[in-house]
Amino acid sequence: MADRQRPAGRTAPAAAEAGWRPPEAEVTAVYQPVEVLAEDGTWALGRINAWWRPQDGPAWCRVRILRARTAPRWIPFDPERLVLLPVGGV
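Residues numbered from 1 in each chain as written. Predicted model: local features only at pLDDT ≥ 70, side-chain atom pairs only at ≥ 80, totals over all residues. Heavy atoms only, no water.

## Thoughts on the overall build of the protein chain
Heads up, the condition is: Only DSSP runs of H or I with at least four residues qualify as helices, and only runs of E with at least two residues qualify as strands; both kinds are numbered from the N terminus onward. Exposure classes here rest on a 1.4 Å probe applied to the protein chains alone. A residue is buried below 20% of its type maximum, exposed above 50%, and partly exposed in between. For this analysis, residues touch if any pair of their heavy atoms sits within 4.5 Å. Each accessible area value is a Shrake-Rupley result obtained with a 1.4 Å probe; residue values ignore everything except the protein chains displayed when judging cover.
The helix and strand tally for the protein chain stands at zero helices and five strands. Of the regular secondary structure in the protein chain, the N- to C-terminal order runs β-β-β-β-β. Looking at the protein chain as a whole, 27% of its 90 residues are labelled buried. Within the protein chain, contacts between residues at least 6 apart in sequence are counted, and of these 35% link residues at least 24 apart. Here the protein chain has roughly 6,100 Å² of accessible surface; of this, 53% comes from carbon and sulfur atoms.

## Concerning the confidence of the model for the protein chain
We apply this condition: Per-residue confidence from the predictor is reported as pLDDT, a score between 0 and 100.
Averaged over every residue, the pLDDT of the protein chain is 84; the share at 70 or more is 78%. Summarising per-element confidence for the protein chain, the mean pLDDT is lowest in strand 4 (residues 73-76) (93) and highest in strand 5 (residues 82-84) (97). The low-confidence segment residues 1-9, where pLDDT is below 50, has 23 contacts with residues more than four positions distant or belonging to other chains.

## A closer look at the sheet that holds strand 2 (residues 43-52)
Consider a sheet: its strands pair through backbone hydrogen bonds, and that pairing is either parallel or antiparallel. Stated formally: Strand pairing requires that DSSP identify at least two bridges connecting the strands. Angles run from 0 to 180 degrees between N-to-C directions of axes, and those axes are lines fitted to C-alpha atoms, restricted for helices to the stretch in contact.
What the five strands build is an open sheet, ordered 4-3-2-1-5; its pairing is antiparallel. Whereas interior strands pair on both sides, the edge strands pair on one side only; in this sheet they are strand 4 and strand 5. Each adjacent strand pair in this sheet contributes to an overall mean axis angle of 45 degrees, direction not counted. The pairing of strand 2 with strand 3 (residues 60-65) spans six bridges and is antiparallel. By the bridge assignment for strand 3, R47 is matched with R64.

## Focus: the pairing of strand 3
Pairing between strand 3 and strand 4: four bridges, direction antiparallel. Residue V63 lies in a different strand from strand 4, and its bridge partner there is R73.

## Digging into the nonpolar core
What counts here: By nonpolar core we mean a set of buried residues, namely Ala, Val, Leu, Ile, Met, Phe, Trp, Tyr and Cys, connected to one another through side-chain atoms within 4.5 Å.
Formed by V34, V36, I48, W51, C61, V63, I75 and L82, the largest nonpolar core amounts to eight residues. Among the secondary structure elements, those contributing two or more residues to this core are strand 1 (27-37), strand 2 and strand 3. If near-sequence neighbours (up to four positions away) are discounted, I75 is found in contact with A59, W60, C61, V63 and L82. Core analysis: the second largest hydrophobic core is formed by six residues, W20, V27, A50 and W74 among them.

In C-alpha cells:
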C-alpha cells in the first residue's frame with residue numbers, strides 16, 4: 001500500500017518491515033520511559049511513545065532509543081527486552 005499502512009483489524013507482520021506502522025486510529029499515544037536490551041547485550045535508555053494492540057497477537061510499541069541516530073520503530077512488546085521504568089517518583 002502506498003502509505004505503508006495495513007487495513008484495520010489486521011495483525012502486524014512477524015517482523016515489522018522498515019517504515020511499517022499500524023492504522024493511526026488504533027494507536028494510543030503514551031510517554032513511557034524504558035530500558036532497551038540491544039542485540040549486542042547492552043542496555044540503552046529509550047521511550048515508548050505509542051502502543052498498538054492488534055485483534056490477535058502481542059501488543060506492539062513504537063520505541064525510540066535516546067541519543068541514537070535512528071528513527072522510532074514499531075516492535076512487538078517483549079518484557080525480556082523492554083523494561084518499563086516509572087514515569088514519576090518511586
